[in-house]
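Reading the structure
Given next are the chains, with one letter for each unit.
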Amino acid sequence: MPVPVPRQRAIPAVESGQAQAAAPTVGGPSAEEAPRKDDTVEHTHNPGATGTAHTQLTLLLIEDDPGGSTVLPELLDWAGKPIRVRTARNLTEAERLLTDDVHCILLDLTLPAPGRGDDSDELAVLKHVLELAPRHAVLALTASGDAERGAEAVRVGAQDYLLRDELDGRLLSRAIRYAVERKRSDSAERRLAEGRVRAQENRRLERGLLPTPLLEGSPLRFAARYRPGRSRALLGGDFYDVVRTADGTVHAMIGDVCGHGPDEAALGVELRIAWRALTLAGLCGDELLSTLQQVLEHERADDEIFATLCTVDIAPDGRRAGLCLAGHPSPLLARPGRSAQLLPYDNNGPALGLLSGARWPRMQVELGAEWSLMLYTDGLIEGRVGEGRERLGQDGMVSMVRRQIAEGLRGEALLGAAVNEVRNLNGGELTDDVAVLLLDRVG
């Protein structure tokens with residue numbers, strides 16, 4: 001809760017270094033002279049932004065004194081410059097005068113709240129102003145001897161309160177400056193806290209959306225690496241999954257929705273979940289991809305959005321597999337005593353969402369008794385090599401992995417080394433999402 005400025009005795013104008021003549025009535029433009037909100041094309045000042053110490057302060061006084069306008073002493077900002085003052089006789093005028101160059105509001109708590117004919121809530125007018133001006137500092141002005149009401153105003157949301165007979169220049173100037181800085185600090189702290197909460201919620205959500213492989217009962221070993229292209233994100237447009245069906249077949253999938261924003265990430269999650277459900281329901285190959293295309297066409301926000309996909313179904317004995325490619329790079333197969341090489345990609349079908357009625361042939365490939373199969377998205381191969389325009393490409397990726405395998409890297413260590421080397425070759429973080437998964441079978 002903000003702490004009120006300590007009450008001080010009234011300081012005569014002479015003692016405060018001001019001439020007694022410097023106690024004018026409210027000096028800003030009247031309600032009729034002040035600029036209207038709709039007359040201003042652009043406002044460059046934000047009351048909640050930093051740097052207010054270098055901007056001339058403006059005070060909006062909202063009061064309804066039947067005996068005449070409240071007399072305010074001369075008010076000075078941080079640099080000793082006069083604080084501009086506007087006055088409004090009611091909340092309707094105040095709303096019209098509340099332009100972006102107003103930093104602080106001095107509100108008379110005796111002002112009647114709009115639409116209220118009773119006194120059941122003594123702070124109704126303050127609550128209305130706080131709703132009207134949530135980004136502005138507010139000082140509550142109350143009658144002498146009514147400090148309890150002022151303290152309650154601070155509890156409700158005002159930055160401070162002042163007693164009417166203490167409107168001395170030095171005290172009021174300081175109260176305005178403190179209220180503006182306190183409001184700025186509170187707003188910055190609130191935005192920071194809200195940002196942290198949103199970040200935590202996003203991390204929990206994105207972490208929960210990442211797949212948990214279903215490989216119980218399979219002898220295959222699984223490893224994966226995921227690096228989204230969005231800054232501070234956990235999830236991008238790339239997606240992958242691995243499940244083992246009741247007949248012992250292990251199904252693996254990796255895909256990439258074009259783009260790498262939150263919408264693409266959401267669509268990738270939908271496609272992954274749909275793939276798992278369809279796979280567990282017994283669909284495979286062309287029938288599975290055709291159904292996924294229908295899902296994408298229904299869920300995408302734009303007709304130009306598409307997704308590439310690679311699916312592999314490994315036979316229960318682990319020695320052979322079926323491969324379907326939908327505009328996606330072919331997996332890399334590594335076996336003892338042989339150079340790592342890409343699986344055939346001659347029958348690569350179109351990406352999902354490009355051609356209505358497309359077909360995706362399923363190719364049969366031999367794996368052997370012992371092997372490592374790496375599935376990846378194009379983020380791994382499209383990073384730059386050095387400062388030029390050259391990209392790593394599939395050939396560069398194959399050479400890199402061959403060298404790392406020759407160095408004895410396997411499993412998690414191999415994937416970590418591959419992703420880190422690609423990043424280093426790029427000279428920094430990759431702009432595209434990167435997903436890589438590895439399945440190993442030890443003979």
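The structure reproduced in this document is the subject of the present report.

1. Description of the layout of surface pockets
- Each pocket or cavity is described by its volume, and for the largest pocket that value is around 290 Å³.
- Surrounding the largest pocket, 20 residues form its lining, A334, P336, S372, I405 and R410 being those nearest its centre.
- Of all the secondary-structure elements, those providing two or more residues to the lining of the largest pocket are β14 (371-376), α7 (393-406), α8 (411-426) and β15 (434-441).
- Class assignment for the residues of the lining of the largest pocket results in 9 nonpolar, 3 polar and 8 charged.

2. Considering helix α5 (residues 262-280)
- Under the 1.5 Å per step criterion, the end-to-end length of α5 is 27 Å for 19 residues, consistent within 8% with the ideal 27 Å.
- Within the span of α5, buried status applies to E264, A265, L267, G268, V269, L271, R272, A274, W275, R276, L278 and T279.
- G282 lies just past α5 and shows a positive phi near 105 degrees.

3. Side note on the packing of α7 against α8
- Contact geometry for α7 and α8: axes closest at 10 Å, N-to-C directions at 135 degrees. As the angle between them shows, α7 and α8 are arranged oblique. Classified by chirality, the crossing of α8 by α7 is right-handed. On α8, the residues touching M400, V401, R403, Q404 and I405 of α7 are L414, A417, A418, E421 and V422.
- Of the residues contributing to the contact of α7 with α8, the split by class is 7 nonpolar, 1 polar and 2 charged.

4. Thoughts on the packing of aromatic side chains
- The full count for this structure, using the stated rule, is 1 aromatic pair.
- Residues Y226 and Y240 carry aromatic rings whose centres are separated by 6.2 Å and whose planes lie at 40 degrees to one another, so their mutual orientation is tilted. In this pair, Y226 sits in strand β6 (residues 221-227) while Y240 sits in strand β7 (residues 238-244), placing the two residues 14 residues apart along the sequence. For the pair Y226 and Y240, one class covers both residues: buried.

Rules and cut-offs
Residues numbered from 1 in each chain as written. Predicted model: local features only at pLDDT ≥ 70, side-chain atom pairs only at ≥ 80, totals over all residues. Heavy atoms only, no water. 1 Å grid on protein atoms, 1.4 Å probe; cavity = no way out; pocket = protein on both sides within 12 Å on 5 of 7 lines; lining within 4 Å. Points joined across faces, edges and corners; volume = space filled by probe spheres on them. Helix = DSSP H or I, 4+ residues; strand = E, 2+ residues; numbered from the N terminus. Nonpolar A, V, L, I, M, F, W, Y, C, P; charged D, E, K, R; others polar. Expected span 1.5 Å × (residues − 1). Buried < 20%, exposed > 50% of the residue type's maximum accessible area, 1.4 Å probe, protein only. Axes fitted to C-alpha atoms, helices over the stretch in contact; angles between N-to-C directions. Parallel < 35°, antiparallel > 145°, perpendicular 65-115°, else oblique. Left-handed = near helix turned anticlockwise from the far one by under 90°. Contact = heavy atoms within 4.5 Å. Phe/Tyr/Trp six-rings, centres within 6.5 Å; stacked < 30°, edge-to-face > 60°.

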